[in-house]
Amino acid sequence: MTTTKEEQVVRRGLTQQLTMLCVRYVERLMPDPYLFAVILTLIVVALVALLVRGATPTGVLKAWYGGVWGAQNIFTCAFQMLLILVTGYTLAEAPVVKRAIVRLASKPTTQLQGALLCFGVSSVFSLLNWGLGLVAGALVARQVAKRLPHAHFGYLIATGFMGYLV
């Protein structure tokens with residue numbers, strides 16, 4: 001089945017209009033992530049009060065505090081993730097890797113080639129370090145988008161992050 005350029009423009013226009021409508025409503029109606037954290041905390045406290053016999057407000061507060069600041073806290077995991085991402089960014093910004101990314105990004109001539117390149121580079125780098133794969137995929141997508149102004153940036157970014165699945 002072949003489509004004319006006019007049909008592609010109409011289809012793209014409808015898709016973009018639908019996307020913009022969804023984005024507008026999500027930006028307007030989606031609460032802040034901090035609000036989600038507060039609401040979920042209140043829901044958990046209410047469930048503990050209803051379902052756990054002998055639970056006291058002091059006990060719930062001590063358990064919550066221990067999970068955030070105690071010996072087995074969430075910050076250990078958060079700092080490990082931060083270290084992985086910072087290490088990946090540092091490796092991706094190394095002059096040798098940065099030159100390689102710019103050189104690779106100059107090769108594709110179509111959006112499909114650019115997307116496949118973003119996926120491939122991100123996949124290879126994700127095998128070495130998942131933080132490096134995430135960062136390198138985004139940097140390759142940015143460089144490809146600079147070289148191919150007609151390419152859809154969101155599509156390139158999505159394919160760059162798909163390499164993380166490897």
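Everything numeric in this text was worked out from a predicted model, so none of it was measured.

### Brief notes about the overall build of the protein chain
And then number 1: On a plain count of helices and strands, the protein chain comes out with eight helices and zero strands.
And then number 2: Each helix and strand of the protein chain, placed in order from N terminus to C terminus, yields the pattern α-α-α-α-α-α-α-α.
And then number 3: Over its C-alpha trace the protein chain gives a radius of gyration of 23 Å, far above what one expects of a compact globule, namely 15 Å for 166 residues.
And then number 4: A principal-axis box enclosing the C-alpha atoms of the protein chain has dimensions of 70 × 45 × 25 Å.
And then number 5: Taken as a whole, the protein chain presents about 12300 Å² of accessible surface, with 71% of it coming from carbon and sulfur.

### Here we look at the packing of aromatic side chains
And then number 1: All chains considered together, the criterion is met by two aromatic pairs.
And then number 2: When the ring centre of Tyr25 is taken as reference, the NZ or CZ atom of Arg24 above it lies at 5.8 Å.

### Thoughts on the packing of helix 5 (residues 95–105) against helix 7 (residues 130–147)
And then number 1: Remark: helix 5 packs on helix 7, axes separated minimally by 9 Å, with the N-to-C direction vectors making an angle of 40°. With respect to their mutual orientation, helix 5 and helix 7 come out oblique. Between helix 5 and helix 7 lies a crossing whose hand is right-handed. Note on element contacts: helix 7 touches helix 5 through Leu139, Val140, Gln143, Val144 and Arg147, opposite Ile101, Val102 and Ala105.
And then number 2: In terms of residue class, the contact of helix 5 with helix 7 is made up of six nonpolar, one polar and one charged.

### With respect to empty space enclosed by the protein
And then number 1: For the structure on display, the rule yields one cavity of 30 Å³ or more.
And then number 2: Roughly 60 Å³ of volume is contained in the largest cavity.
And then number 3: Lining of the largest cavity is provided by Glu93, Lys98, Ile101, Val102, Leu139, Arg142 and Gln143.
And then number 4: The set of elements that each furnish at least two residues to the lining of the largest cavity consists of helix 5 and helix 7.
And then number 5: For the lining of the largest cavity, the per-class residue count stands at three nonpolar, one polar and three charged.

### Some points on the confidence of the model for the protein chain
In low-pLDDT segments, the atomic positions of the prediction should not be examined closely.
And then number 1: With 93% of its residues at a pLDDT of 70 or more, the protein chain has an overall mean of 85.
And then number 2: Summarising per-element confidence for the protein chain, the mean pLDDT is lowest in helix 1 (residues 5–29) (76) and highest in helix 6 (residues 111–128) (92).

### With respect to the pattern of salt bridges
And then number 1: Tallying each qualifying case throughout the model produces one salt bridge.
And then number 2: Note that Lys98 and Glu93 form a salt bridge whose closest N and O atoms lie 3.0 Å from each other.
And then number 3: Taking the relative accessible area as the measure of exposure, Lys98 reaches 40% and is therefore partly exposed.

### A word on the side chain of Thr159
And then number 1: Structurally, Thr159 can be placed in helix 8 (residues 153–162).
And then number 2: Once residues within four sequence positions are removed from consideration, Thr159 is found in contact with Ala115, Cys118 and Phe119.

### A word on the environment of Tyr155
And then number 1: For Tyr155, the location among the structural elements is in helix 8.
And then number 2: Given a relative accessible area of 33%, Tyr155 falls into the partly exposed group.
And then number 3: Here the alpha-carbon distance between Tyr155 and Ala115, two residues 40 residues apart in the chain, equals 7.3 Å.
And then number 4: Aside from chain neighbours lying at most four places away, what touches Tyr155 is Gln111, Leu112 and Ala115.

Thresholds, definitions, all that
Residues numbered from 1 in each chain as written. Predicted model: local features only at pLDDT ≥ 70, side-chain atom pairs only at ≥ 80, totals over all residues. Heavy atoms only, no water. Helix = DSSP H or I, 4+ residues; strand = E, 2+ residues; numbered from the N terminus. Rg over C-alpha atoms; globule rule 2.2 N^0.38 Å. Areas by Shrake-Rupley, 256 points an atom, 1.4 Å probe, with all protein chains shown as cover. Phe/Tyr/Trp six-rings, centres within 6.5 Å; stacked < 30°, edge-to-face > 60°. Lys NZ or Arg CZ within 6 Å of the ring centre and 35° of its normal. Axes fitted to C-alpha atoms, helices over the stretch in contact; angles between N-to-C directions. Parallel < 35°, antiparallel > 145°, perpendicular 65-115°, else oblique. Left-handed = near helix turned anticlockwise from the far one by under 90°. Contact = heavy atoms within 4.5 Å. Nonpolar A, V, L, I, M, F, W, Y, C, P; charged D, E, K, R; others polar. 1 Å grid on protein atoms, 1.4 Å probe; cavity = no way out; pocket = protein on both sides within 12 Å on 5 of 7 lines; lining within 4 Å. Points joined across faces, edges and corners; volume = space filled by probe spheres on them. pLDDT = per-residue confidence, 0-100. Salt bridge = Lys/Arg side-chain N within 4 Å of Asp/Glu carboxyl O. Buried < 20%, exposed > 50% of the residue type's maximum accessible area, 1.4 Å probe, protein only.

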